Amino acid sequence: MANVVVVGSQWGDEGKGKIVDWLSERADIVVRFQGGHNAGHTLVIDGVSYKLSLLPSGVVREGKLAVIGNGVVVDPHALIAEIDRLEQQGVKISPENLRIADNATLILSLHRELDGLREDAASNSGTKIGTTRRGIGPAYEDKVGRRAIRVMDLADKDSLALKVDRILTHHNALRRGFGEPEIAHATIMEELTSVADRILPYRETVWLLLDKARRRGSRILFEGAQGTLLDIDHGTYPFVTSSNTVAGQAAAGSGMGPGAVGYILGITKAYTTRVGEGPFPTELTDEVGQFLGERGREFGTVTGRKRRCGWFDAALVRQSVATNGIHGIALTKLDVLDGLDEIKICVGYMLDGEQIDHLPASQGAQQRVEPIYVTLEGWKESTVGARKWADLPAQAIKYVRQVEELIGAPVALLSTSPERDDTILVTDPFED
């Protein structure tokens, strides 16, 4: 029996919500280990859609413990709103099924405001990153700068006041530079004390809780947000998120040692999408790209932004397999490719007249690469709802096998619709 880490192998939006929900039925504990409320999962259970941003996917299932790890940055107001929204849908959330690491960093209003000020300034100069303006990056900056407010600080008002002074010294200096008014100490204190009673009941020494659970033999599912190509170190920098999104962060972002991490499952879309700015070698701006976007309903769960669409990039996913140590992939949205006459897969790139097999780290080089494609025959039959290999057209199976060969990892699960049971299981990650 293995604990399982779920990561996105592309630029996010790979369909992690459904797969995590499918796996959570087999897990005892589901842990979020990085990111904030800038990434969303949509779960469809018995025809009801649940939209999650901060809460781990396991929270919608009875008998599961959902944990927000120390690697997550938590907007308390967004969290409270998400809890209230789910409770209106009949989901019961209490300290019995939700715990938050006491050393998790909080996102404050000043973080959101700074995020917006920077993005506006960057937009005017043509250098915007395309953030969600939710304060994620500035909160991580304060964490690294050792001036963050953490969940545990809400319980100690005397210490909290001193920490608010420290963080305001930094932020008010930045605000003066933007020509913005300074923030009063009392404003932030009120903001924090107003949410303390709602947040503190959930606080937990998460590393200890998880260590005890591991020793009991509990099954732990680690749930990542965004995707590998948005990783602060290994992604298409600077058009990335502000945290490590790779599987190694599951250990650091939860307080468990690397030895507790078992099977690593890479969620992989059968084509490629990206939201916001940044390089995208296989992007399609023609009718095929429009077809993929419309058929795949490619709009962000959190932001509603339209996603850019393109052919599957095996070179990029092969890179993700290596940086995550992926054991197997969950291939999603295969059904979106139904009906295409031909399907292309990127196998490498041409850069300045030379052939390369990976995306270089240089921003300039990323903009200059040209994809090298192999072309496969498409299929006209529907794959929607297929639950066994025999239900798939021969050409669809050929496509899947080609993907496996090119990325260097097997397909462990194959998803053929948003419904959780429309899944072909090859390898159960918990039993591998």
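Right, let's walk through the structure included here. (Residues numbered from 1 in each chain as written. Predicted model: local features only at pLDDT ≥ 70, side-chain atom pairs only at ≥ 80, totals over all residues. Heavy atoms only, no water.)

Here we take up the environment of Ile-83. Secondary-structure assignment places Ile-83 in helix H2 (residues 76-88). Given a relative accessible area of 2%, Ile-83 falls into the buried group. The spatial distance from the C-alpha of Ile-83 to the C-alpha of Val-151 is 17 Å, given a sequence separation of 68 residues. If sequence neighbours within four positions are ignored, Ile-83 has contacts with Leu-55, Ile-93, Leu-98, Arg-198 and Tyr-202. (Helix = DSSP H or I, 4+ residues; strand = E, 2+ residues; numbered from the N terminus. Buried < 20%, exposed > 50% of the residue type's maximum accessible area, 1.4 Å probe, protein only. Contact = heavy atoms within 4.5 Å.)

Quick look at the side chain of Asp-102 now. In this fold, Asp-102 is placed in the loop between strand S7 (98-101) and strand S8 (105-106). The side chain of Asp-102 sits in the buried core without any salt bridge; Arg-203 is the nearest counter-charge, 5.9 Å away. Leave out the neighbours within four places in its chain, and Asp-102 touches Arg-150, Val-151, Met-152, Arg-203, Glu-204 and Thr-205. (Lys, Arg positive; Asp, Glu negative; His and termini not counted. Salt bridge = Lys/Arg side-chain N within 4 Å of Asp/Glu carboxyl O.)

By the definition in use, this model includes 2 aromatic pairs. Where Trp-11 meets Phe-280, the ring centres are 5.3 Å apart and the plane angle is 55°; that geometry is what we call tilted. With a gap of 269 residues between them, Trp-11 in the loop between strand S1 (4-8) and helix H1 (16-24) and Phe-280 in the loop between strand S12 (272-274) and helix H9 (287-295) connect regions that are remote in the sequence. Of the residues examined, Phe-280 reaches a relative accessible area of 8% and is grouped as buried. Looking at Arg-26, its charged tip hangs above the ring of Trp-22, at a distance of 3.7 Å from the centre. Cation over ring: Arg-401 sits above Trp-389, and NZ or CZ is 4.6 Å from the ring centre. (Phe/Tyr/Trp six-rings, centres within 6.5 Å; stacked < 30°, edge-to-face > 60°. Lys NZ or Arg CZ within 6 Å of the ring centre and 35° of its normal.)

Viewed as axis vectors pointing N to C, helix H5 (residues 157-177) and helix H6 (residues 185-199) meet at an angle of 130°, and their least axial separation amounts to 10 Å. In this view, H5 runs oblique relative to H6, as classed from their interaxial angle. H5 and H6 meet at a crossing whose hand is right-handed. Every residue of H6 that contacts H5 at Lys-157, Leu-160, Ala-161, Val-164, Asp-165 and Leu-168 is listed here: His-185, Ile-188, Met-189, Leu-192 and Thr-193. (Axes fitted to C-alpha atoms, helices over the stretch in contact; angles between N-to-C directions. Parallel < 35°, antiparallel > 145°, perpendicular 65-115°, else oblique. Left-handed = near helix turned anticlockwise from the far one by under 90°.)

Residues of helix H4 (residues 136-144) that are buried include every one of Ile-136, Gly-137, Pro-138, Ala-139, Tyr-140 and Asp-142, and no others. Looking at the residues trailing H4, positive phi occurs at Arg-146, about 60°.

Turning to the pairing of strand S5 (residues 65-68), a few remarks are in order. Burial of the side chains of S5 extends over both faces: Leu-65 and Val-67 are buried on one face and Ala-66 and Ile-68 on the other. In terms of strand pairing, strand S2 (residues 29-32) meets S5 through 4 bridges, oriented parallel. By the bridge assignment for S5, Ile-29 is matched with Leu-65. In this structure, S5 lies alongside S7, joined through 3 bridges in parallel fashion. If you follow Val-67 over to S7, its bridge partner there is Arg-99. (Pairing = 2+ DSSP bridges.)

Taken as a whole and judged by the stated rule, the model has 25 salt bridges. The salt bridge involving Arg-175 is made with Glu-113; its shortest N-O contact spans 2.6 Å. Of this pair, Arg-175 sits in helix H5 while Glu-113 sits in helix H3 (residues 109-125), placing them 62 residues apart in sequence. Since its relative accessible area comes to 9%, Arg-175 is described here as buried. Looking at Glu-113, the relative accessible area reads 36%, which means it is partly exposed. Residues Glu-298 and Arg-307 are paired through a salt bridge, measuring 2.6 Å at the closest nitrogen-oxygen approach. Considered together, Glu-298 and Arg-307 belong to a single accessibility category, that of buried residues. Beyond isolated ion pairs, a larger network of salt bridges with shared partners links Asp-13, Lys-269, Glu-298, Arg-307 and Lys-333.

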